[in-house]
Amino acid sequence: MKVAVVGLGIAGLSICARLALAGHDVSGFEQFELMHENGSSHGDTRIMRLTPGEGDIYVRLARRANAIWRSWEGLAGRPLIEWTGGLMAGPRGSPFVAACQRLSAAPAALMRGDAMHALTRGYVSMPYEWDVFRQEDCGIIAADATRAFLIRQAPHWGAKLYANTKIEAPIEGLNLRINGEARAFDAVIVAAGGWARALLPEFAGRLSVRRRVVAWFSTPSPRLLPVICVDNDEGVFGMPAPRGHYKIGLHAIGGVVEPGAVREPDEADAALLAAQVRALLPKHDPTPVRMARCLYTVTPDENFLIAPSMAHERVLLFSACSGHGFKYAPVFGELAQEWLDGKASADLEAFGSARRAGTATALGAHKF
């Protein structure tokens, strides 16, 4: 089958690789350079959690993805995930922490916040009355290394990847205008992140594009610190990063933007992030070493949205959105193949338009 994949972030690359391996004639199109930093997939590290607190379906997807991550590491010839453990934290009764505990196989790992000082030798601090759930199955993904691997591997399996290639919006069927020329396909999969709203306007009301900023801070810790996910008002997430840094971001802070007009990080961003470092990482210098922006493409329930177009059943929106998608990257290609083959699995249907999964439990969810 002749398939077009529009957008080559982590979702589009995974889809191209899997469909090409399955024998389809796959063409992937990216409007920027293949390793660009304009969207949602770039970065040195991303969080891996095999027991995500977002809900049962994400635990299934993470476990399903884990086996494929091992295969990708073999093909890449290097580790793509480093396991650090994680601390899921929030005020007593936090729905996010409670969900992590409920979904985990080790419910006895719930601690009070005042245990963090001894556990991390003072490098991580939490209010003493908070709930903190310790998860061993957390780590960091080498995000840019994963993208680079797929950019090499997908063509090896037969996919054709095109950079700096513009698809005319809106997409209304299987005939695409590509850099001004018409081409026909048997199926079209739109995995364009924030730009999907313009390409498939029927979904624009269900996708909100928001600006987020992450920052790197020098860490004095001689060993890797754990991942942290904090259910405070800002929804702090943090992870070790290369070159002696610790990276944090705010899941619940950032305004609505157009994807082509996102302002760069500024002093206000630095102040917001520095305040969290002072509170949660007290031995760290609160001055950012560097900052970077990224995009969240958010659905109202913070779940993914994978749904065929109402105008044409062979056009699929594939939006692995709401800020927690990278860890499931190997499964995206499998879900796209299920759709292409007409095999509607429970996992695929949970992200459709009709039978949605329940609202994902998220950090600082009340902010959205």
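Each residue is numbered by its place in its chain's sequence as written, counting from 1. Owing to the predicted nature of the model, reporting of local features is limited to residues with pLDDT of at least 70; listing and counting of side-chain atom pairs is limited to 80 or more, with chain, interface and lining totals taken over all residues. Based on all heavy atoms of the structure, the side-chain values leave hydrogens and waters out of the count.

Student: For this particular structure, what's the right way to read the sheet that holds strand E7 (residues 131-135)?
Tutor: Two pairing modes exist for strands in a sheet, parallel and antiparallel, and in both the strands are linked by backbone hydrogen bonds. Criterion used throughout: strands pair if DSSP finds at least two bridges between them. Under the scheme used here, helices are H or I runs from DSSP no shorter than 4 residues and strands are E runs no shorter than 2 residues, and both carry numbers assigned from the N terminus. Taking strand neighbours across the sheet as the criterion, the eight strands line up as E6-E7-E5-E14-E15-E16-E13-E17 in an open arrangement whose pairing is mixed. In this open sheet, the two edge strands, each paired with only one partner strand, are strand E6 (110-112) and strand E17 (290-298). The average angle at which neighbouring strand axes cross in this sheet is 25°, direction not considered. Two strands pair when backbone bridges link them, and strand E13 (residues 208-218) and E17 are joined in this way by nine bridges, in the antiparallel orientation. Across the sheet, Val214 pairs through a bridge with Ala292, a residue of E17. Contact definition: two residues touch when any of their heavy atoms are within 4.5 Å. The angle between two axes is taken between their N-to-C directions and runs from 0 to 180 degrees, where each axis is a line fitted to C-alpha atoms and a helix contributes only its stretch in contact. Contacts between helix H7 (residues 267-280) and the sheet are confined to E13, strand E14 (227-230), strand E15 (236-241), strand E16 (245-250) and E17, with E13 contributing the most and set at about 55° to the helix.

Student: Before we go on, may I ask you to explain the packing of aromatic side chains in this structure?
Tutor: The geometry of an aromatic ring pair is captured by the separation of the ring centres together with the interplanar angle, meaning the angle of the planes. In this analysis, rings of Phe, Tyr and Trp, with Trp reduced to its six-membered ring, are considered paired at centre separations within 6.5 Å, and the interplanar angle assigns stacked below 30 degrees, edge-to-face beyond 60, and tilted for intermediate values. Under the defined criterion, the tally for this structure stands at twelve aromatic pairs. Considering the side-chain rings of Trp72 and Phe149, the 5.9 Å spacing of their centres and the 55° angle between planes classify their relative orientation as tilted. You can see Trp72 sitting in helix H2 (residues 56-76) and its partner Phe149 sitting in helix H5 (residues 143-156), a full 77 residues away along the chain. By the burial criterion, Trp72 is buried, and Phe149 matches it. Through successive ring pairs, a cluster of aromatic residues spans Tyr58, Phe304, Phe318, Tyr328, Phe332 and Phe351. Over a ring means this: the NZ of a Lys or the CZ of an Arg is within 6 Å of the ring centre and within 35 degrees of the ring normal. It is Arg290 that lies over the ring of Trp216; its NZ or CZ is 3.6 Å from the centre. Only protein chains enter the accessibility calculation, which uses a 1.4 Å probe; a residue whose area is less than 20% of its type maximum is buried, one above 50% is exposed, and one in between is partly exposed.

Student: Just to check I follow, could you spell out the environment of Ala76 for this structure?
Tutor: Among the secondary structure elements, Ala76 is positioned in helix H2. As for Ala76 and Ser309, which are separated by 233 residues in sequence, their C-alpha atoms are 35 Å apart.

Student: Can you help me understand the side chain of Asn232 in this one?
Tutor: With respect to the helices and strands, Asn232 occurs in the loop between E14 and E15. Residue classification places Asn232 among the buried residues on the basis of a relative accessible area of 13%. Pairs of N or O atoms within 3.5 Å make up the polar contacts considered here, provided that, within protein, one atom can donate a hydrogen while the other can accept it, and that residues adjacent in sequence are counted only when both atoms are side-chain atoms. Reaching out from Asn232, the side chain makes a polar contact with the backbone nitrogen of Gly235 at a distance of 2.8 Å. A distance of 3.4 Å separates a polar side-chain atom of Asn232 from the backbone nitrogen of Val236. Those residues in contact with Asn232 that lie beyond four places of it in its chain are Trp130, Gln276 and Gly364.

Student: What should I look at first to understand the pattern of salt bridges in this one?
Tutor: Pairs can form between side chains of opposite charge once their charged atoms are near each other. Here a salt bridge means any side-chain nitrogen of Lys or Arg lying within 4 Å of a carboxyl oxygen belonging to Asp or Glu. Tallied over the full model, the rule gives 19 salt bridges. A salt bridge links Lys160 to Asp25, with the shortest nitrogen-to-oxygen separation between them at 2.7 Å. One end of the pair, Lys160, is in strand E9 (residues 160-162); the other, Asp25, is in strand E2 (residues 25-29), with 135 residues separating them in the sequence. We classify Asp25 as partly exposed; its relative accessible area is 34%. Residue Glu264 pairs with Arg293 through a salt bridge whose shortest N-O separation is 3.0 Å. Taken together, the residues Glu264 in the loop between E16 and H7 and Arg293 in strand E17 connect sequence positions 29 residues apart. Exposure remark for Arg293: the relative accessible area of 16% places this residue in the buried category. Taken together, the shared-partner salt bridges in this structure form one network comprising Arg60, Arg64, Glu334, Glu338 and Asp347.

On their own, these measurements won't tell you what the molecule is for.
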